[in-house]
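Chain residues, written in single-letter form:
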Amino acid sequence: MDACFNAFDKDGDGFLSISEFQLICRALFRNDRGKIYGLEEEQLREVYSIFDLKGDGMIDREEFEVCWNRWIKTCTRPKSAFLIVDVQNDFITGSLNIKQCAAQHDGSEVIEPINRLLETVPFDVVFYSLDWHPVDHVSFIDNLHLREVDVSSGISKEAARVYDTVTFRGPPLLKQRLWPRHCVQDSWGAELHKDLKIVEDAIKIYKGTNPEVDSYSVFWDNKKLTETTLSSQLQQKGATDIYICGLAYDVCVGATAVDALTSGYRTILIDDCSRGVDLVDIEKTKATVIASNGVIVNSSQVKAMVEGKDRRPELGYKLALEIKHKLNLDEE
């Protein structure tokens, strides 16, 4: 830490000015091919102010120690989790396969690049999520007769068709998109695809197990009533970064990425390892992730990022905002 501080304290006054801090950011946010990212001017000033704990317009050695331990160390040596979402038979060749829903996409296309990552990238932990529905699950259109549709529903029970959204009577009222029966617990359709590599010591996360509420995100059900075990497992592993991919891009993958960002994780969506249903919704998913300081990359870029050799400013900025939030909580 001291060597870094001294190297960038160009005028030797014992403080880092914003221009000296900018040099640190230029050294920090770059890749192993020599590309320098840096931070945008507004973001630079905000991050500088976060570590200017005394608010005097300078970062002294004590303040830099916080910056070093909580920010720079994570940016250079992240703890990376790989989360593979719902690469299950029903979404590839079964009752709710991606190709059937969207002719331009084939769910099996994600398997080869995912396997390549599993074989070549030193992730700290790997997770596989599985949709794992009971037979009477609320999302199945053939279970529509088991529940009452509310009068406020835009579509009546009699008129409802697959992929429509109805409102079930409460309390509370529940808006639900209707899907074909899929990923029923212990069925062939719920199994991970046979060609998907399953690594040793990986952790499986089961979601959608409550018959009364759907669960797109691997973190929470859609009503935020119940958490899966993912959050506690990530904390136990000390994960800082989550690489997310799988099926379907604009449904479960997207919902998981949004919850990862909301939960404070540096979030990376792997584009070529994901396939979705609707091209417009896929673009909306990408826009939401980018607007929340997530990153979308190709699988070929992942190894260098996991190894800390390709350090993205968006992820650094996201981390700084999380540090600011925690510092504010500590003051309260």
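Please read all numbers here as calculations on a predicted model, not as lab measurements.

## So, empty space enclosed by the protein
(1) Moving on: Here the structure, examined in full by the defined rule, presents two cavities of 30 Å³ or more.
(2) Moving on: What the largest cavity holds in volume is close to 150 Å³.
(3) Moving on: Along the wall of the largest cavity there are 17 residues; nearest its centre are Phe-91, Leu-96, Trp-179, Val-251 and Cys-252.
(4) Moving on: For the lining of the largest cavity, the secondary-structure elements that each account for two or more residues are helix H6 (98-101) and helix H9 (249-262).
(5) Moving on: Of the residues that constitute the lining of the largest cavity, the class distribution is 11 nonpolar, three polar and three charged.

## What about the pattern of salt bridges?
(1) Moving on: Under the definition given, this model contains 22 salt bridges.
(2) Moving on: Among the salt bridges present, the one from Asp-271 reaches Lys-286, with a minimum N-O distance of 3.3 Å. With Asp-271 in strand S9 (residues 266-275) and Lys-286 in helix H10 (residues 279-291), this residue pair connects regions lying 15 residues apart in the sequence.
(3) Moving on: Ionic contacts of the salt-bridge type, sharing partners, join the residues Lys-54, Asp-60 and Glu-62 into one network.

## Some words on the pairing of strand S4 (residues 125-131)
(1) Moving on: Within S4, seven of the seven residues are buried, leaving the element largely enclosed by the surrounding structure.
(2) Moving on: In S4, alternate side chains face the same way, and those of Val-125, Phe-127, Ser-129 and Asp-131 on one face and Val-126, Tyr-128 and Leu-130 on the other are all buried.
(3) Moving on: Two strands pair when backbone bridges link them, and strand S3 (residues 80-85) and S4 are joined in this way by five bridges, in the parallel orientation. Following the sheet pairing, Ile-84 is matched in S4 by Tyr-128.
(4) Moving on: Bridge count for S4 against strand S7 (residues 203-207) is five bridges, and the pairing is parallel. When the sheet's bridge partners are listed, Leu-130 is paired in S7 with Tyr-206.

## Some remarks on the UniProt feature "domain: EF-hand" (unreviewed entry) in the protein chain
(1) Moving on: Mapped onto this numbering, the UniProt entry gives "domain: EF-hand" (unreviewed entry) at residues 1-31 and 39-74.
(2) Moving on: Segment residues 1-31 splits into 58% helix and 6% strand. End C-alpha atoms: 21 Å apart.

## As for the environment of Ile-111
(1) Moving on: Along the chain, Ile-111 falls in helix H7 (residues 111-120).
(2) Moving on: Sequence separation of Ile-111 and Lys-79 is 32 residues, and the distance between their C-alpha atoms is 24 Å.
(3) Moving on: If we skip the residues at most four places from it in the chain, Ile-111 touches Val-87, Ile-92, His-193, Asp-195 and Leu-196.

## Concerning the packing of helix H2 (residues 18-28) against helix H4 (residues 61-76)
(1) Moving on: Two elements in contact, H2 and H4, have axes whose closest approach is 12 Å; the angle formed by their N-to-C orientations is 20 degrees. In terms of orientation, H2 and H4 fall into the roughly parallel class. Seen along the crossing, H2 lies across H4 with a hand that is right-handed. Note on element contacts: H4 touches H2 through Phe-64, Cys-67, Trp-71, Ile-72, Cys-75 and Thr-76, opposite Phe-21, Ile-24, Cys-25 and Leu-28.

## Description of the sheet that holds S9
Hydrogen bonds along the backbone pair up the strands of a sheet, which may run parallel or antiparallel.
(1) Moving on: Read across the sheet, six strands follow the order S7-S4-S3-S8-S9-S10 without closing on themselves; strand pairing throughout is parallel. Bordering the open sheet on either side are S7 and strand S10 (295-297), each of which pairs with just one other strand. Across the sheet, the mean angle from the axis of one strand to that of its neighbour is 25 degrees, orientation sign disregarded.
(2) Moving on: Seen against the sheet, helix H8 (residues 230-237) touches S3, S4, S7 and strand S8 (241-247) and runs at an angle of roughly 175 degrees to S4.
(3) Moving on: H10 contacts S9 and S10 of the sheet and is inclined by roughly 130 degrees relative to S10.

## Observations concerning the nonpolar core
(1) Moving on: By size, the foremost hydrophobic cluster in this structure holds 63 residues, and its most contacted members are Phe-82, Ile-84 and Ile-114.
(2) Moving on: At seven residues, H9 tops the list of elements feeding residues into this core.
(3) Moving on: When sequence neighbours within four positions are dropped, the list of residues in contact with Ile-84 reads Ile-114, Leu-118, Val-126, Phe-127, Tyr-128, Ser-129, Leu-196 and Cys-245.
(4) Moving on: The next biggest cluster of nonpolar side chains, apart from the first, holds 26 residues, and it includes Leu-39, Ile-59, Trp-71 and Tyr-317.

## Looking at the packing of aromatic side chains
(1) Moving on: Across all of its chains, the model carries 11 aromatic pairs by this definition.
(2) Moving on: Ring centres of Phe-64 and Trp-68 lie 6.2 Å apart, and the angle between their planes is 45 degrees; this geometry places the pair in the tilted category. Here Phe-64 pairs with Trp-68, and both are found in helix H4, just four residues apart, close to one helical turn.
(3) Moving on: For Phe-64, a relative accessible area of 1% puts it in the buried group.
(4) Moving on: Cluster of aromatic residues (ring-pair linked, three or more members): Phe-21, Phe-29, Tyr-48, Phe-51 and Trp-71.
(5) Moving on: Lying across the ring of Phe-8, Lys-10 places its NZ or CZ 5.6 Å from the centre.

## A few points about the layout of surface pockets
(1) Moving on: Roughly 380 Å³ of volume is contained in the largest pocket.
(2) Moving on: Lining of the largest pocket is provided by 19 residues; of these, Ala-239, Thr-240, Gly-264, Leu-319 and Lys-326 occupy positions nearest its centre.
(3) Moving on: Where the lining of the largest pocket is concerned, the elements lending two or more residues are H4, H8 and helix H12 (313-331).
(4) Moving on: Sorting elements by how many residues they give to the lining of the largest pocket places H12 first, with five residues.
(5) Moving on: Here the residues of the lining of the largest pocket are counted per class, giving five nonpolar, eight polar and six charged.

About the cut-offs
- Residues numbered from 1 in each chain as written.
- Predicted model: local features only at pLDDT ≥ 70, side-chain atom pairs only at ≥ 80, totals over all residues.
- Heavy atoms only, no water.
- 1 Å grid on protein atoms, 1.4 Å probe; cavity = no way out; pocket = protein on both sides within 12 Å on 5 of 7 lines; lining within 4 Å.
- Points joined across faces, edges and corners; volume = space filled by probe spheres on them.
- Helix = DSSP H or I, 4+ residues; strand = E, 2+ residues; numbered from the N terminus.
- Nonpolar A, V, L, I, M, F, W, Y, C, P; charged D, E, K, R; others polar.
- Salt bridge = Lys/Arg side-chain N within 4 Å of Asp/Glu carboxyl O.
- Buried < 20%, exposed > 50% of the residue type's maximum accessible area, 1.4 Å probe, protein only.
- Pairing = 2+ DSSP bridges.
- UniProt positions renumbered as here; feature names shortened; annotations may be inferred.
- Contact = heavy atoms within 4.5 Å.
- Axes fitted to C-alpha atoms, helices over the stretch in contact; angles between N-to-C directions.
- Parallel < 35°, antiparallel > 145°, perpendicular 65-115°, else oblique.
- Left-handed = near helix turned anticlockwise from the far one by under 90°.
- Core = buried A, V, L, I, M, F, W, Y, C linked by side-chain atoms within 4.5 Å.
- Phe/Tyr/Trp six-rings, centres within 6.5 Å; stacked < 30°, edge-to-face > 60°.
- Lys NZ or Arg CZ within 6 Å of the ring centre and 35° of its normal.

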